[in-house]
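Remarks on the overall topology
Take a look at the letters that make up each chain.
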Amino acid sequence: MRRKQLATVPTGSGLKPIHGTGDPGVLEVLRFFHDPITMIAKRRAEYGDITYIKSFGLEFVIPLTADGCEAIAMNRQKAFANEPAWGFLIGPFFRRGIMLMDFEEHRHHRRIMQQAFTNTHLKGYLQDMQPMLADRVAHLPVGDDVRLLDEFKQVTLDLALEIFLGLDLPRAEADRINKAFVDCVGAGLSIIRRNIPGTRWARGLAGRRVLEDFFHEHLPAKRATPTPDLFSVLCHAQDEEGHTFTDEDVVNHMIFVLMAAHDTSTITLTTMAYYMARYPEWQERAREQSRNLPPEISYDTLDEFTVLDRIMKESLRLNAPVPGLPRRAIEDTEICGHHIPKGTYVAAIGMVNHHDPALWSDPERFDPDRFMTERAEDKVHRYAWMPFGGGVHKCIGLYFAQMEIKTIMHNMLLRYEWSVPDDYRWELDNSTLPVPKDHLPVRLRAR
Ligand code: HEM
């Protein structure tokens, strides 16, 4: 493997340099899309604790240890900013979303947004989603070729529209909004990054316009009457000093939160379904537990779904829906003693830790019991398991996600059995968020 130094280390600093291949970006991106886990293992063997790769015309520093990922997520010296990094990737489509804010402004917005995720609100969302999700799962198509990715995507979008927006939209309108989101997400990681008709980028920009118009149209009604949905809660939320969001803030946050909530939960559900199809004994263990618990999940019984909980954690480990936490250095700094010049892009990549043989026993094996208290492999390092990120930007919706995922899976287990052929192995498309190329075809049968 070639060896090229990222930058000259200042003399006398005592810091170490960072090496990478120096290969052209297109080559590096293709390698990553093709097989990120192998690529990471090779880089670790060649360059040690840290490396850099070129992608999208930029050089990204990637720590290959949990300590390095922690340094980026915790950002103790406040040397890394989100906006210049996430903004480069998804800014035109998700601008002014909370994840694209930094420091004092981020803290201010997060304190207001947090009001929509208090225990009281979460309890309300959980209660409200029970009948809707039971009904949606009950109406899934059965057959020998049910594409679960598509089905889950539809269910999570409908859920977001109902619980976040409090709107019962006609199918065609829900589909139009769904498409706009899909186009915005798809655009973020596209290789051609200009508004050329027919490209993913152009579709993303059009999607953003659809979403802005949609939220602005519904906003006055939400301002006028408080309702239990997130849209209304954001319109009325105040921090301790009485600060509230402007109309623009509400629209920007709604677009971002819906995006953040939708594909991530869909990917987690699809990954869980895949492993439960490949390992039917786990499907049966989870079903056994579901049969012994009430059909509706409440805030008090959520923690009793221990088998589903472990399957969910293991699925998030093996296929983290958000591949990385990108940041940009706003001053000269360091990661674990390696020199990072001002302006450098860095990324904590979940896959680095989630598949590290130094942290997990037999990391490629599906083994949910590794999360049991007696084994607690996830506790070996604070960042061994990091699907929800960490630090001040840690996922604000992680409890919401678990409520939604467990409710959908609980209903799936009670109503259906699903399977894949013995020799089936999915192939992931890593060019946007990691989804199975074939959308996970299963044989779905009513029980
Ligand atoms: C399994 C599902 C989910 C996963 C794996 C996930 C993952 C993540 C990750 C890794 C981040 C941090 C990104 C960074 O620091 O650069 C994040 C942030 C965020 N997530 Fe999630 N997420 C999930 C579900 C949700 C849901 C359901 C919601 C909303 C209800 C949500 C809302 C957000 C928001 C608003 C942020 C930005 C927080 C901030 O910057 O302060 N997420 N998520």
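First, a word on what this report is: a plain description of the structure on this page.

The rules behind the values
Residues numbered from 1 in each chain as written. Predicted model: local features only at pLDDT ≥ 70, side-chain atom pairs only at ≥ 80, totals over all residues. Heavy atoms only, no water. Core = buried A, V, L, I, M, F, W, Y, C linked by side-chain atoms within 4.5 Å. Buried < 20%, exposed > 50% of the residue type's maximum accessible area, 1.4 Å probe, protein only. Salt bridge = Lys/Arg side-chain N within 4 Å of Asp/Glu carboxyl O. Donors = N, O, S within 2.8 Å, 3.2 Å for Na, K, Ca; no water. Helix = DSSP H or I, 4+ residues; strand = E, 2+ residues; numbered from the N terminus. Contact = heavy atoms within 4.5 Å. Expected span 1.5 Å × (residues − 1). Arc of directions from axis to C-beta. Near = heavy atom within 4 Å. Polar contact = N/O pair within 3.5 Å; in protein donor to acceptor, adjacent residues only side chain to side chain. 1 Å grid on protein atoms, 1.4 Å probe; cavity = no way out; pocket = protein on both sides within 12 Å on 5 of 7 lines; lining within 4 Å. Points joined across faces, edges and corners; volume = space filled by probe spheres on them. Nonpolar A, V, L, I, M, F, W, Y, C, P; charged D, E, K, R; others polar. Bend = angle between axes of the 7 residues up to and from the residue. Pairing = 2+ DSSP bridges. Axes fitted to C-alpha atoms, helices over the stretch in contact; angles between N-to-C directions.

Formed by 128 residues in total, the largest nonpolar core has its most connected members in Tyr125, Phe164, Leu165, Met254, Met409, Met412 and Trp418. Core analysis: the second largest hydrophobic core is formed by 16 residues, Val29, Ala85, Met351 and Val352 among them.

Evaluation of the coordinates by the stated rule reveals 40 salt bridges. A salt bridge links Asp23 to Arg31, with the nearest nitrogen and oxygen atoms 2.8 Å apart. Beyond isolated ion pairs, a larger network of salt bridges with shared partners links Glu314, Arg317, Arg365, Asp367, Arg370, Arg375 and Glu377.

One donor from the polypeptide reaches the iron atom of the ligand: Cys395 (SG), at 2.3 Å. Relative to the helices and strands, Cys395 is located in the loop between α14 (350-354) and α15 (398-415).

For the rest of this paragraph, the subject is the side chain of Thr270. Looking at the element boundaries, Thr270 is found in helix α11 (residues 247-278). What makes Thr270 buried here is its relative accessible area of 1%. When neighbours within four sequence positions are excluded, Thr270 is seen to be in contact with Leu149, Phe152, Trp426, Pro436 and Leu440.

Given a rise of 1.5 Å per residue, 12 residues ought to cover 16 Å, and the 16 Å separating the end C-alpha atoms of helix α2 (residues 36-47) matches this to within 8%. Those residues of α2 that sit buried are Pro36, Met39, Ile40, Arg43 and Tyr47. Angular distribution of buried residues about the axis of α2 spans 95°; they occupy a single face of the element. Opposite the buried face of α2, at more than 90 degrees from it, the exposed residues are Lys42 and Ala45. For α2, the elements touching its buried residues are β2 (19-20), α1 (25-34), β3 (50-55), β10 (345-349) and α14. Looking one or two residues beyond α2, the residue adopting positive phi is Gly48, at roughly 85°.

A few words now on the site of the ligand. The full set close to the ligand counts 28 residues, and His106, Arg110, Arg327, His393 and Cys395 are the nearest of them. In this structure, an oxygen atom belonging to the ligand sits 2.8 Å away from a side-chain N or O atom of Trp86. Separating an oxygen atom of the ligand from a side-chain N or O atom of Arg110 is a distance of 2.7 Å. Those elements that provide at least two residues to the shell around the ligand are α5 (103-114), α11, β7 (324-329) and α15. In terms of residue count, the dominant contributor to the shell around the ligand is α11 (7 residues).

Taken as a whole and judged by the stated rule, the model has 2 cavities of 30 Å³ or more. Phe32, Met39, Ile40, Arg43, Thr51, Ile53, Ile62 and Leu64 together form the lining of the second largest cavity. Mapped onto the lining of the second largest cavity, the elements with two or more residues apiece are α2 and β3. Here the lining of the second largest cavity takes 3 residues from α2, the largest share from any one element. Grouping the constituent residues of the lining of the second largest cavity by class yields 6 nonpolar, 1 polar and 1 charged.

With that settled, consider helix α9 (residues 200-224). Taking 1.5 Å per residue, 25 residues should reach 36 Å; α9 reaches 37 Å between its end C-alpha atoms and fits that length. Roughly 35° is the biggest bend found in α9, and it falls at His218, with proline Pro220 one to four residues downstream.

With that settled, consider the environment of Asp175. Within the fold, Asp175 resides in helix α8 (residues 171-188). Along the backbone, Asp175 and Thr271 are 96 residues apart, and their C-alpha atoms lie at a distance of 23 Å.

Right, let's get into the pairing of strand β14 (residues 441-446). Here 3 bridges tie strand β6 (residues 143-147) to β14, and the two strands are oriented antiparallel to one another. Within β14, the residue paired with Gly143 across the bridge is Leu444.

The subject of this paragraph is the sheet that holds β14. Read from one edge to the other, the open sheet built from 3 strands follows the order β6-β14-β11, with strand pairing classed as antiparallel. Each edge of the open sheet is held by one strand with a lone partner, namely β6 and β11 (416-419). Strand-to-strand twist across the sheet, computed as the mean angle between neighbouring axes with direction ignored, equals 40°.

The buried fraction of β10 amounts to 5 of the 5 residues, a majority that puts the element mostly inside the structure. Every second residue of β10 is oriented toward a common face, with Tyr345, Ala347 and Ile349 on one face and Val346 and Ala348 on the other, all of them buried. Where strand β4 (residues 58-63) and β10 come together, 2 bridges link them in parallel fashion. Of the residues in β10, the one forming a bridge with Phe60 is Tyr345. Direction of pairing for β7 relative to β10: antiparallel, over a ladder of 5 bridges. Bridge pairing in β10 links Leu325 to Ala348.

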